[in-house]
Amino acid sequence: MYDFETISVEYEFCSCVTFANGHKSSFRKVEQIKVGKANDGYSFTMLGSSEETIDGDEPEEWNAIILQFGKALCPYTLLATGDGELTGVQDFEEIKGHWLDQRQEIIDYYNSYLVEKESDRFYLAFNSEEKFFNIMKNNMFPRLLFWQDNLQNQKIEIRDFPAAKRLTIFTFSGGKRDNGGIFYETYDVHDEGSGRLLSGKCTLGIRRGADGLPEEVLLKAQIEEQDTGYFFKEITLKRL
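Presented here is a report on the structure given in the accompanying data block.

About the thresholds
Residues numbered from 1 in each chain as written. Predicted model: local features only at pLDDT ≥ 70, side-chain atom pairs only at ≥ 80, totals over all residues. Heavy atoms only, no water. Axes fitted to C-alpha atoms, helices over the stretch in contact; angles between N-to-C directions. Helix = DSSP H or I, 4+ residues; strand = E, 2+ residues; numbered from the N terminus. Parallel < 35°, antiparallel > 145°, perpendicular 65-115°, else oblique. Left-handed = near helix turned anticlockwise from the far one by under 90°. Contact = heavy atoms within 4.5 Å. Nonpolar A, V, L, I, M, F, W, Y, C, P; charged D, E, K, R; others polar. Pairing = 2+ DSSP bridges.

## Describing the packing of helix α1 (residues 61-71) against helix α2 (residues 92-110)
Argument step 1. Direction vectors running N to C along α1 and α2 enclose 155 degrees, while the axes themselves pass 9 Å from each other. Overall, the two elements α1 and α2 adopt an arrangement that is roughly antiparallel. The handedness of the crossing between α1 and α2 comes out as right-handed. Of the residues in α2, those touching α1 at Ile65, Gln68 and Phe69 are Trp99, Arg103, Ile106 and Tyr110.
Argument step 2. Of the residues assigned to the contact of α1 with α2, the class counts are five nonpolar, one polar and one charged.

In C-alpha cells:
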C-alpha cells in the first residue's frame, strides 16, 4: 500500500458530536508526522499536535491540562508494515522516561492535587509496552490513519460517545471501491452494555494518495438511545 522512502506530512483532525438535545461540540487539531522506511516496514514518528481548538476557541483550564499530558508523549514512533498494519512501538522505555520528566514539570507548574491525580490516570498506560501500544493504536487518529482496506470485520471504537465514559463500537465488513476511494457502511453496533442502545449506523470513506497515505477520511456515525434520542458523530482527517 505504501510507496515512498521518507516523507513528512500534516493532517487536520476534526471531531464533532451532536447531542440528542441539539447541542454541538467540536475538537480540532493538526498532527505532524515524519514517515520513513524501517527494516521491512515503515516508521511513523508522531511529532505532536498544534492549533488545537474546542468549539472554535483555544483550550482553557482543565482541557488545556489534559492536552499537555497527551502532547508530552511526543515524539514517539509507531512501526507498521507496508500494508498499514501496526506492529509495535519503538523505544518504549525512552518514551516512558521522557513522559515522566514532562509529567513532573506539569505537576510542579500547577501545584495541584487534582492535576497530579489526572497524571496518574495517564501513567496507567505505561504499565507495560503492550498496554501502551494497544492504547495508542486504538486512539481515533491512528485508528483511521492506519486503516487496512483489505481486512474484514474491522472495528471502530468511538470513546466518550454518546457521553463521557461511554463508548460505541461499530463493526465493518468489506468496503466498496468507488471514485478512487473505498467506502464502508454498517448497522452492526453495540456499546459498553448500557442496555439503552436501540440502533446505530456508521459510514466510513477513505481516499488515498499515490504514496498510499490517506488524503481524506470521513466517518459519520449515529446512534439511537432509549428515552433520549439520536446522537451524531462526524470525524474527518484531511492531509494538508
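## Here we look at the sheet that holds strand β9 (residues 181-186)
Pairing between sheet strands relies on hydrogen bonds along the backbone, with the strands arranged either parallel or antiparallel.
Argument step 1. What the ten strands build is an open sheet, ordered β5-β4-β3-β2-β1-β13-β12-β11-β9-β8; its pairing is antiparallel. Among the strands making up the open sheet, the edge pair consists of β5 (86-90) and β8 (176-178). Neighbour to neighbour, the strand axes of the sheet diverge by 20 degrees on average, direction disregarded.
Argument step 2. Inspection of the sheet shows strand β1 (residues 6-18) paired to strand β13 (residues 229-239) by eight bridges, in the antiparallel sense. Paired with glutamate 12 across the bridge in β13 is lysine 238.
Argument step 3. The strands touched by helix α4 (residues 129-138) are β4 (76-80) and β5; relative to β5, the strand with the most contacts, the crossing angle is about 120 degrees.

## Here's the deal with the sheet that holds strand β7 (residues 167-172)
Argument step 1. Spatially, β6-β7-β10 is the arrangement adopted by the three strands of the open sheet, whose pairing is antiparallel. The open sheet has two edge strands, β6 (154-159) and β10 (189-191), and neither has a second partner. Between one strand and the next, the sheet's axes are offset by a mean angle of 20 degrees, whatever the strand orientation.
Argument step 2. Relative to β10, β7 runs antiparallel, the two sharing three bridges.

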